[in-house]
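Fold and geometry: a report
The residues making up each chain are set out below.
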Amino acid sequence: MKKIKVAFVCVHNSCRSQMAEALGKLLASDVFESYSAGTELRPQINQDAVRIIKDLHGIDMNETQKSKLLTDIPEVDIVVTMGCNVNCPYLPCIHREDWGLEDPSGKSDDEFIKTAKIIEEKIINLKHRILKGELV
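Summarised in this report is the structure supplied together with it. (Residues numbered from 1 in each chain as written. Predicted model: local features only at pLDDT ≥ 70, side-chain atom pairs only at ≥ 80, totals over all residues. Heavy atoms only, no water.)

**Describing the pairing of strand E1 (residues 4–9)**
Extensive coverage of E1 is indicated by the burial of six of its six residues. The alternating pattern of E1 places Ile4, Val6 and Phe8 and Lys5, Ala7 and Val9 on opposite faces, both of which are buried. Two strands pair when backbone bridges link them, and E1 and strand E2 (residues 32–37) are joined in this way by six bridges, in the parallel orientation. Across the sheet, Val9 pairs through a bridge with Ala37, a residue of E2. (Buried < 20%, exposed > 50% of the residue type's maximum accessible area, 1.4 Å probe, protein only. Helix = DSSP H or I, 4+ residues; strand = E, 2+ residues; numbered from the N terminus. Pairing = 2+ DSSP bridges.)

**Focus on the environment of Met19**
Within the secondary structure, Met19 sits in helix H1 (residues 16–28). Sequence separation between Met19 and Val76 is 57 residues; the distance between their C-alpha atoms is 18 Å. Once residues within four sequence positions are removed from consideration, Met19 is found in contact with Ala49, Ile53, Met61, Pro104, Thr115, Ala116 and Ile119. (Contact = heavy atoms within 4.5 Å.)

**Structural notes on unusual backbone geometry**
We note that Asn13 has phi near 50°; this positive angle belongs to a residue other than glycine. As for its position among the elements, Asn13 is in the loop between E1 and H1. For Asn13, a relative accessible area of 0% corresponds to the buried category.

**Points about the pairing of strand E4 (residues 95–98)**
Of the two faces of E4, the one lined by His95 and Glu97 is fully buried and the one lined by Arg96 and Asp98 carries no buried residue. Here strand E3 (residues 78–81) runs beside E4; their pairing, made up of four bridges, is parallel. Among the inter-strand pairings, Val80 is bridged to a residue of E4, identified as Glu97.

**What to know about the environment of Ser14**
As for its placement among the helices and strands, Ser14 is situated in the loop between E1 and H1. With a relative accessible area of 12%, Ser14 lands in the buried category. Each C-alpha atom, one on Ser14 and one on Glu40, is 9.4 Å from the other, the two residues being 26 residues apart in sequence. Every residue in contact with Ser14, bar those within four places of it in the chain, is listed here: Arg42, Gln44, Ile45 and Asn46.

**A word on the sheet that holds E4**
Hydrogen bonds along the backbone pair up the strands of a sheet, which may run parallel or antiparallel. Here we have four strands laid out as an open sheet, ordered E2-E1-E3-E4, and parallel in their pairing. Sheet topology places E2 and E4 at the edges, where each strand pairs with a single neighbour. Averaged over all pairs of adjacent strands, the angle between strand axes in this sheet comes to 20°, irrespective of strand direction. Sheet strands touched by H1: E1 and E2. Its angle to E2, the strand with the most contacts, is close to 170°. (Axes fitted to C-alpha atoms, helices over the stretch in contact; angles between N-to-C directions.)

**As for helix H2 (residues 47–57)**
Taken as a whole, H2 has its buried residues at Ala49, Val50, Ile52 and Ile53. Taken together, the buried residues of H2 touch H1, helix H3 (61–64) and helix H4 (109–131). Between the side-chain oxygen of the N-cap and the backbone nitrogen of Asp48 there are 2.8 Å, and the N-cap of H2 in question is Asn46. One or two positions beyond H2, positive phi appears at Gly58, with a value near 75°. (Polar contact = N/O pair within 3.5 Å; in protein donor to acceptor, adjacent residues only side chain to side chain.)

Next comes the structure, spelled out in structure tokens:
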């Protein structure tokens, strides 16, 4: 059976979607492949997000990931939008959901940690729903 592919998307692909990709790979790689992408590239991933994920989980996103466009990732089965305040990027998929996350960019470390913890919970929940056959 082929592994399900999940894309975490937002406009800039520099913060929330990057954290989701890293945490998806860490917490759910046995169930799905994680990708992140956006409609605009940033020269680098949000360095506050990089630092927080490294502190919490020992993952250096500067080493393992980069900002990607929607056209840079393979076809996916599930699209998770992070909570775009404008029009979220569109990708064809079997299942789509929005996590409604506030962008912590420019805010305190506590906001980044809170966002990372919410993403962790949502990744685990997504993994369980996939395993139960609820989504695809």
